[in-house]
Number of protein chains: 2
Amino acid sequence: MKPNLDEKARRMLTTAALYCTEPRIAILKVLLEARRPVRQDQIAECLGDRALNKVTIYRTLASLVKTGLVHRAFMQKRASYFELAHNCTETQCHPHFTCSNCGTTHCLTGFAVPMAPSRYRGFVIHHQQVRLEGLCPACA
Amino acid sequence: MKPNLDEKARRMLTTAALYCTEPRIAILKVLLEARRPVRQDQIAECLGDRALNKVTIYRTLASLVKTGLVHRAFMQKRASYFELAHNCTETQCHPHFTCSNCGTTHCLTGFAVPMAPSRYRGFVIHHQQVRLEGLCPACA
DNA sequence: CGAGGAAATGCAACTAAGTTGCATATTTCT
DNA sequence: AGAAATATGCAACTTAGTTGCATTTCCTCG
Ligand SMILES: [Mn+2]
Ligand SMILES: [Mn+2]
Ligand SMILES: [Zn+2]
Ligand SMILES: [Zn+2]
């Protein structure tokens, strides 16, 4: 495995003032290695033999989201997808692209859709989230 | 009530080649009068006395979505929000804004966030959906 | 190091959005 | 009106996510 992933996860937890527990380190490592947002059950599957209770995974994700280490990237089919906060500005995460043919989701970290104006008719806009749909390179 | 709403709903159904049934007309009228996306249970509540089975509402919404009359605007708390297709282009619906203070959602039909490029590193982008979050005029 | 208190985990039971199969009712067409 | 096509209602089911509570683990401080 990656020997320094463990250390990296520990640092992230300490920085966020969270207890460094085995479950949290394991979950963070899965997120660190994932290239795309993942669901609770996908995290569980990645853990394989040293499985965790799903309640623990959900509660860990909740803690990580609260500290800002992790984002709830989007929902699909009534399930939430989570990922490490990466390539984010204060007001916009990168767009997520879902292929309408094969169903896979990709992080489009290379570009950002321009932000909406910070004010519009009395609305104060703090955050913008963009979902894209179309054909991925493999399916196009 | 609005006397011509009924007729309008009927026309929409006929145009979409769907049977003109009482439940469908009732649901369409709720959507025609709603100013924002609504959930299944909100539609049921609006119908009040002449209630409909939730399965009927879900199946009706599915038919309406398939014909393009209705959009699944977004998901929140594991529930889908539906609305009539309005102020939409081929590639983008208007942005939806949710207030982080009071929780209400508004359709921001007045402006459109610029579209992502139609191609980006092999991705063919067909559709773009924008979710905004911040403070609504009442809470700002 | 070895408590002791704070916080995290696991388990079982629960909640609630959405789905499915099937019998019955309604709509449309002739 | 009658037949075929389609829609509705009901009950039972599926499944993502939550809650309460007993037990375990982690961190801090003597
Ligand atoms: Mn991403
Ligand atoms: Mn809208
Ligand atoms: Zn694809
Ligand atoms: Zn508000």
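For the structure, see preceding data.
I will try to describe carefully the structure that is included in this document.

Analysis parameters
- Residues numbered from 1 in each chain as written.
- Chains lettered and ligands numbered in written order.
- Predicted model: local features only at pLDDT ≥ 70, side-chain atom pairs only at ≥ 80, totals over all residues.
- Heavy atoms only, no water.
- Helix = DSSP H or I, 4+ residues; strand = E, 2+ residues; numbered from the N terminus.
- Buried < 20%, exposed > 50% of the residue type's maximum accessible area, 1.4 Å probe, protein only.
- Contact = heavy atoms within 4.5 Å.
- Lys, Arg positive; Asp, Glu negative; His and termini not counted.
- Charge placed at Lys NZ, Arg CZ, Asp CG, Glu CD.
- Least-squares fit on C-alpha atoms with pLDDT ≥ 70 in both.
- Near = heavy atom within 4 Å.
- Polar contact = N/O pair within 3.5 Å; in protein donor to acceptor, adjacent residues only side chain to side chain.
- Nonpolar A, V, L, I, M, F, W, Y, C, P; charged D, E, K, R; others polar.

### Quick notes on the overall build of chain A
- Within chain A one finds four helices and six strands.
- Moving toward the C terminus, one meets the helices and strands of chain A in the order α-α-α-α-β-β-β-β-β-β.
- For chain A, the spread of C-alpha atoms along the principal axes amounts to about 50 × 40 × 30 Å.
- Looking at chain A residue by residue over its 140 residues, the buried ones come to 41%.
- Long-range pairs, those at least 24 residues apart, make up 49% of the contacts in chain A with a sequence separation of at least 6.
- Taking the average location of the 19 positive side-chain charges in chain A and that of its 10 negative ones, the two points are 7 Å from each other.

### Describing the environment of histidine 127 of chain A
- Its location among the elements puts histidine 127 of chain A in strand 6 (residues 123-135).
- Residue classification places histidine 127 of chain A among the partly exposed positions, given a relative accessible area of 24%.
- When the C-alpha atoms of histidine 127 of chain A and leucine 47 of chain A are compared, they prove to be 33 Å apart, with 80 residues separating the residues in sequence.
- Those residues in contact with histidine 127 of chain A, other than ones at most four positions away along the chain, are Glu90, Thr91, Gln92 and Cys93 of chain A together with Arg131, Leu132 and Glu133 of chain B.

### Regarding the relation of the copies chain B and chain A
- Once chain B is rotated about the relating axis by 180° and shifted along it by 0.0 Å, it coincides with chain A to within an RMSD of 0.1 Å. Interpreted geometrically, this transformation is the action of a two-fold axis.
- In this assembly the copies share their binding face: 100% of the residues contributing to the interface of chain B also contribute to that of chain A.

### As for the protein's contact with DNA strand C
- Contacts to DNA strand C come from 21 residues, most closely from Arg24, Thr56 and Arg59 of chain A together with Tyr58 and Ser80 of chain B.
- Taking all atoms of DNA strand C within 4 Å of the protein, the share assigned to sugar and phosphate is 63%.
- Within the side chain of threonine 56 of chain A, one N or O atom sits 2.3 Å away from a phosphate oxygen of DNA strand C.
- Contact between DNA strand C and arginine 59 of chain A: a base oxygen at 2.5 Å from a side-chain N or O atom of the residue.
- Partitioned by chemical class, the residues of the surface near DNA strand C number nine nonpolar, six polar and six charged.

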